Amino acid sequence: MAEISFNQALFEACPTGMLAIDEDVCIRWMNPALETMLNLSVDELVGKDKNTLPEGLHALFDETDMLHLSLNGDGERWLRRDVRQVEDGSQATLWLHFYQDVSQQVMAQRESEELRKQVEDLTITDELTRMSNRRAIIQALDAQVTRSRRYGNLLTLSAMRLTHPDGTDQSLPDQSILVMSQYLRERLRWADVIGRFENQLFLLVMPETSIEDAENLLQQIVQECQEGALKDLAGHPVPVLKFGVSEWMKGDDPQRLITRTIESI
């Protein structure tokens, strides 16, 4: 191992992983803590540069605060790094890299995010309205499209967008969305499925319903809301309703039907 003039004994006793890189971007020295951290010996790193190190260790030379290393046969490591420039006894410039192994924290965070995603994937109820969420409404539509393909039954998909009465893109408060969702649920048949597809957009899956009947029903709902049918708003804005309707046609899959319906608003 190459000799260097700073207090090597002190650095070798340091529990933080340390690496010294010279002006030629070559590893000059490493301490025992880094050997343990990487499960690699001094001889495997000292004197090496990016061209002579295995690809999984190239990140040691990257200019990032967080390193992801792939170690053959020993899994992966995530290291947090800090760099300091120093002069050795011969006035040559060295860069000292200090490493903290944060692999366990990164893995725990990944596992937590994966669990959260799995829970979200299993959830079929919208948190605010307690009606079907985006995932559930797509599942319901998929089942009805399959049924229509098999038996040729009527199937209409409706989309209802809630907008702010001032005509801007301003978001509606939760109370306005909640009251509107409750009213829609009351006005639909038991066989219809309503879900919150986006924040202010509802989809209504209406089996055994013609496009004309669906349009008549939605026009009635719009008129009723304009005439004050929505209660319990307590000073919150009354949503302006806009709707679009499409009837399932041969060759339609759920996504094509959803796209056509939303575009018709």
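Definitions and limits used
- Residues numbered from 1 in each chain as written.
- Predicted model: local features only at pLDDT ≥ 70, side-chain atom pairs only at ≥ 80, totals over all residues.
- Heavy atoms only, no water.
- Buried < 20%, exposed > 50% of the residue type's maximum accessible area, 1.4 Å probe, protein only.
- Helix = DSSP H or I, 4+ residues; strand = E, 2+ residues; numbered from the N terminus.
- Pairing = 2+ DSSP bridges.
- 1 Å grid on protein atoms, 1.4 Å probe; cavity = no way out; pocket = protein on both sides within 12 Å on 5 of 7 lines; lining within 4 Å.
- Points joined across faces, edges and corners; volume = space filled by probe spheres on them.
- Core = buried A, V, L, I, M, F, W, Y, C linked by side-chain atoms within 4.5 Å.

Peer 1: Would you mind going over the pairing of strand β1 (residues 17–22) with me for this structure?
Peer 2: Where a strand is regular, its side chains alternate between the two sheet faces. With six of six residues buried, β1 lies mostly within the body of the structure. Alternating positions in β1 separate into two faces, G17, L19 and I21 on one and M18, A20 and D22 on the other, with burial throughout. By the bridge criterion, six bridges tie β1 to strand β5 (residues 93–101) in an arrangement that is antiparallel. Among the inter-strand pairings, G17 is bridged to a residue of β5, identified as Y99. Strand direction decides the pairing type here: β1 and strand β2 (residues 27–30), joined by three bridges, are antiparallel. Looking at β2, one finds that A20 is bridged to W29.

Peer 1: Would you explain the layout of surface pockets in this entry?
Peer 2: To find the voids left in a structure, one rolls a probe of water-molecule size over its atoms. Its volume calculated, the largest pocket comes out at about 260 Å³. Lining the largest pocket are 15 residues, and of these F61, E63, V83, W95 and H97 lie nearest its centre. Among the elements of the structure, β1, β4 (76–87) and β5 are those that each provide at least two residues to the lining of the largest pocket. Here the lining of the largest pocket gets three residues from one element, more than from any other, and that element is β4.

Peer 1: Explanation requested: the nonpolar core in the structure shown.
Peer 2: Soluble globular proteins tend to bury their nonpolar side chains together. One finds M160, M180, F202, I221 and L241 to be the most contacted residues of the largest nonpolar core, which totals 25 residues. Here this core takes seven residues from helix α7 (residues 211–226), the largest share from any one element. Residues I21, L45, L69 and L71 belong to the second largest nonpolar core, which totals 21 residues.

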